[in-house]
Every structure is written in C-alpha cells, then in structure tokens.
Amino acid sequence: MARAARGALVATWLGVTLAHLALPAAQRIQVWPLGYLLLEILAFLSLSHRAWRAPSGERMAWLLLAVSAFFEVPSLLLTFSSHGQAVPEIIFLVSLLSLATGILALAGVLSFPKEPGPGSLFRRRALDSLIFATSLLFLLLAMGVQGSLRASSQGMGLRVLAAYLNAALLGGGLVFMTSYHPGLIRGPLGWLSASALAWLSALSCWALAGLPSVTSPHAWIALAGGIPFFQGLAAWSPQPEVSRASRATDGKRLVRLFPYLPVLAAILVLAALLPRGPLELMRGAIGAFLLMVALLLLRQFLAILDLRAARRTLEERVQHRTEALEHAQEALLRTERMNTLALMGAGLAHDLNNLLSVLKSSAELALMNLEEGRPVGSEDLQRMTSAASRAATLTSRLMRFVSRESEDLAPVDLGQELRDMEATLRLLIPRTVELCIDVAPAEALIVQSSRLRLEQMLVNLVANARDAMPEGGKLAIRAGADGPEAAMARIDVVDSGIGMPPEILDRIFDPFFTTKAPGKGTGLGLPSLKALVEEGEGRMEVASEPGKGSRFTIFLPRLNAL
C-alpha cells in the first residue's frame, strides 16, 4: 500500500507540474489551483492515514500535520473563487488560513518525540532555531524589499507577513528537532525539511518577482507543489520517526553550524542593500536583523554560562576522581601489606614448627627421665625455655608488623632500620637463600620516611628476590650514600636469581602485570613500591639479565646532606 501511495503522489506531482509548465499563462490561472488542491487532498489523506496508524507517542504530531494540510483546502477554494483578482476580503481570509496552516505545521513538527536532555541543551536548541528563523525572515524581507510597498498598497501586507513567518518558523522548528540529532533527517523529518525547502524556494521566487498578488500564471509557482508532495511522502516514509535519534552523529560540525549559515547570508545581504535600499522599506529588514543579533548575543551568553557550569562539573569530577584514586591507593597498599603478612606468616609457621619440635623432643626426653626415676636435667629445661622465648620473639615481631597500620613520616636512620629489620626479612626467605645486609659505616643515612614504609619497600623486594631463586641463592642488601656530595641514600637489593629479559623488564612497573602463575601474584607490588618511592621524592632503577640475577636500587634524599 505504501509503495502504491508514493507512486500516486509522484505521478500526480509530475502531472501537475508538467501541465502547469506546458500551459500558457492565461490558462494557468484556472488549472494551477485545481492541481495544487489535488496535491493537498492527497497529502491530507496520507497524513490522516499515518495519524490513524501511528503509535500514541506520534499520533498528535501526524494529526496536527494532517489538519495543517486540510486548512489549505478552503484557502485554495477562496483563491479559486477570486478568479485571479486581488479581492481584499479574500486576501485577508487566505492570510489568516495560511498563518494557521503554518502554526499547525510547526506544532506538528515539534510534537514528535524528542530525546531527553538537560535544560541547557533545550535552551541552546531553542535559540539556534530562533536564530535560524529570524535569519530566514530577514532574507525574505530583504529579497522582497522592492515589492513590499506595492503589496502594502494592495492590502497584501498580512499575506506577505504570514507567508514569511510560516516559512521562517517551520524552518526554525525543523532545526530545533534535527540540529543536535542529524540522524532524524533520514526519517519523515527529512521529507518535511524538503517540504519546507520547497516552501522557501517558492517564497524566494515570489519575493524576487516583486510580490505579485496573483501567482498562478508564473512558472516558478510550480515549486510550491513540492510542499504537499513532500508532506505526503513523509507520511509514507518507511523509516521510524524518532527511534533512531540515539544513532545520530552529534559530532558533525557542519550540522551544528547549519543554523548559522543564514546568519552569514543575512549579514552579506544587509551590507549590499544598505547603500541602495530605501530606508522606509528597509526598516522591517533592519528590525529582523537587530532581533537576530540580540538572539546571537543571548546564545553567546548562555554558551558562557554552560561553559562555566561544565567547568564546575569537571572540577567536581576531578576532585571525586582524585579522592577515589587516593582511596584505591590506600586499598592497594593494604592489599600488599596483607600479602606481605601472608608471606611472613608462612615463614613464621615454618620456624614455629621447628621450635615446637625442639619443645616436643625436650619434653619427651624429660618425661622418659621421670619414668626411669631420674631427675629432669637443667639442660632440657633450658632448651625448652630457649625455644619458647624464640617463639615468643617471632610472634611478637609479626604482631608489631600487623599493628603498624599507619605512621607519620619523620627522619629515620636508614642503616639502623635495615639492621633492625634483618630478623623480619629472614622470615620471608627459605634457608636455601643466604641473606647478607651491608650498611656503610661511614656516616648516618638519615631520610624522611617511616619504619612502616621502609619495611614495606624491603619486604616487597625481598619477596620478589625469593621467588626469583626457587633453588636457593644469595641475596644482598646494601645501603650507602650516592650522588653528588652524597645527597642521596641508596639501597641495593641484589639477587642471584633467574633474571629478566628486556621485554619483561620494560613492563615490571605496569599495574597488574605479573609473570607469576595465576593466584600467585597481583601485579601490584612493584607499582605500589614505585609510588611510595616517588612520593618520598626518590626514584628507582632496575638492572637485570637472564641467568645473571637482578638489581633493584632505591634512591631517597638524605636529610643530613642538606
């Protein structure tokens, strides 16, 4: 049915247009109104059918467009009854009907479902459409400046104004609907835009021709046949009306600039007309131009307000994002601390098991002596006491590590802290790994840090070195001064492990990158370690080769070198 209806519209439009162009001017006065009436009736029937079949969200839009097309019927009948004469009463009624037709068409276009958006977007779209409409109105007034005086003397002032307003407002309404959703042009709104373009073209020809009261004899009036023709095609358009609005290409700059193209044309036309046009006839055009300028200034003011609001929103988002990152970093550090705690717990469990074996064997030996009637030797009791003391020392060391949730940064002696950490670090490595801590005795290495932070750095590097030496090896931790005037304290953690190839070395500080088996590593240890070092205004260096081990170096500013 849709294909047959479109075919009927195309055939009728072509027939009416060709007949009008083929006939002499005297016969066009009688034939053209009838042909245009036939096109309007077909458009009305098509729009009414679409309103009947449309879903509830679109029915009002199609109904208003159908009523708009229907109002053209009595207007054409009145025009036909005047027999080509300029009758003031008929011109007045036709002008009122034409104005009602344009308002209904505009209301129909604006009644289509619209994408939801903020109020600022609605204001921008409204101002863009008003600027476009005002620019069109100015251009039409400027093109018809020569015929305006004659039209006013013939009582056609209202008719001319109604025609200009209809074209300008309908163009503005279509800009309002499509400027921020260009994808809608592919649907019925595209055909309605073509109808508005045909309307504008016919009005332009009418204005350039001097606004004659009777238009039927002119060949250019055939352009007006495109108004009902394209409206009828819009009713039979197979594309959905607004459902594809979300697919619109909002980023196209040409589409965004389209509402301002008539403004440029208006400025050029005004510059050309001011030296030549009579001031009396230019007043209307100048008034429209001033209104257009006022709307442009208002649009600019709203753009500044939107820019300020966007800046505030961006600042708030950056602040929230920064806070979220800080919380994430804290969670990351807590995660790494728990991983370290798990590693130390595993080493502690191994040592406690050895100590419990000593206690058990000593207790069994003492029990055997008692059963045999011999007194318990002091050596057995001393062994048991010594094992219990060592176990208590190990567990208290672990508990101290757990209890240090946060510490304030303060000047600390790096060398002394490393010596105090030796027992804790030994909990992390098996007995197959030989640990050597070497601190330069020359002078104190005072840095701005905390025991918690230094312990987290060293524990992380020692744990990685242990994993790099599954068969055992040597692990050396050295501390000393470095750099010009010994301004930096340097910590080297050197292992004799498997080493790393260049492609792995380049990525070791990438978050979540790990070479360990699933479940064995998070890929967050070294990134968090680097963040800690850089937070203290230090830096890290890494050197490694496959089969030759790795060297991790931490540089921290010395306070006593300043």
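Summarised in this report is the structure supplied together with it. (Residues numbered from 1 in each chain as written. Predicted model: local features only at pLDDT ≥ 70, side-chain atom pairs only at ≥ 80, totals over all residues. Heavy atoms only, no water.)

## Re the overall build of the chain
Each helix and strand in the chain was counted, giving 17 helices and 7 strands. Residue pairs in contact within the chain that sit at least 24 positions apart in sequence constitute 77% of those at least 6 positions apart. Here the chain displays about 29,000 Å² of accessible surface, and carbon together with sulfur accounts for 63% of that area. (Helix = DSSP H or I, 4+ residues; strand = E, 2+ residues; numbered from the N terminus. Contact = heavy atoms within 4.5 Å. Areas by Shrake-Rupley, 256 points an atom, 1.4 Å probe, with all protein chains shown as cover.)

## A look at a nonpolar patch on the surface
On the surface, Val10, Leu14 and Leu18 cluster together to form a nonpolar patch covering roughly 250 Å² of accessible area. Note on placement: Leu18 falls in helix α1 (residues 2-22). Of the residues examined, Leu18 reaches a relative accessible area of 56% and is grouped as exposed. (Patch = residues over 30% accessible without salt bridge, like charges linked within 9 Å, V, L, I, M, F, W, Y side chains within 5 Å. Salt bridge = Lys/Arg side-chain N within 4 Å of Asp/Glu carboxyl O. Buried < 20%, exposed > 50% of the residue type's maximum accessible area, 1.4 Å probe, protein only.)

## Considerations on the sheet that holds strand β5 (residues 488-495)
The strands that make up a sheet pair up through hydrogen bonds in the backbone, lying either parallel or antiparallel. An order of β2-β4-β5-β7-β6 is seen for the 5 strands of this open sheet, with the pairing classed as mixed. This sheet does not close on itself; its edge strands, each paired only once, are β2 (433-439) and β6 (539-544). Geometrically, the sheet is characterised by an average inter-axis angle of 15° between neighbouring strands, direction not taken into account. With 6 bridges joining them, β6 and strand β7 (residues 550-557) adopt antiparallel strand pairing. Bridging across to β7, Ser544 finds its partner in Ser550. Running at roughly 165° to β2, helix α14 (residues 414-426) makes contact with β2, β4 (473-482) and β5 of the sheet. Where helix α17 (residues 525-535) meets the sheet, its contacts fall on β6 and β7, and the angle it forms with β7 comes to roughly 25°. (Pairing = 2+ DSSP bridges. Axes fitted to C-alpha atoms, helices over the stretch in contact; angles between N-to-C directions.)

## Some thoughts on the pattern of salt bridges
Under the criterion given, the structure shown has 8 salt bridges. Between Arg490 and Asp482 there is a salt bridge whose closest N-O contact spans 3.2 Å. Here Arg490 falls in the partly exposed class, since its relative accessible area comes to 23%. A salt bridge links Asp492 to Arg551; the nearest nitrogen and oxygen atoms lie 3.9 Å apart. Separated by 59 residues along the polypeptide, Asp492 in strand β5 and Arg551 in strand β7 bring together distant segments of the chain. Of the residues examined, Arg551 reaches a relative accessible area of 32% and is grouped as partly exposed. Connected through salt bridges with shared partners, the residues Asp482, Arg490, Asp492 and Arg551 form a single ionic network.

Purely geometric stuff here, so don't read any function into it on its own.
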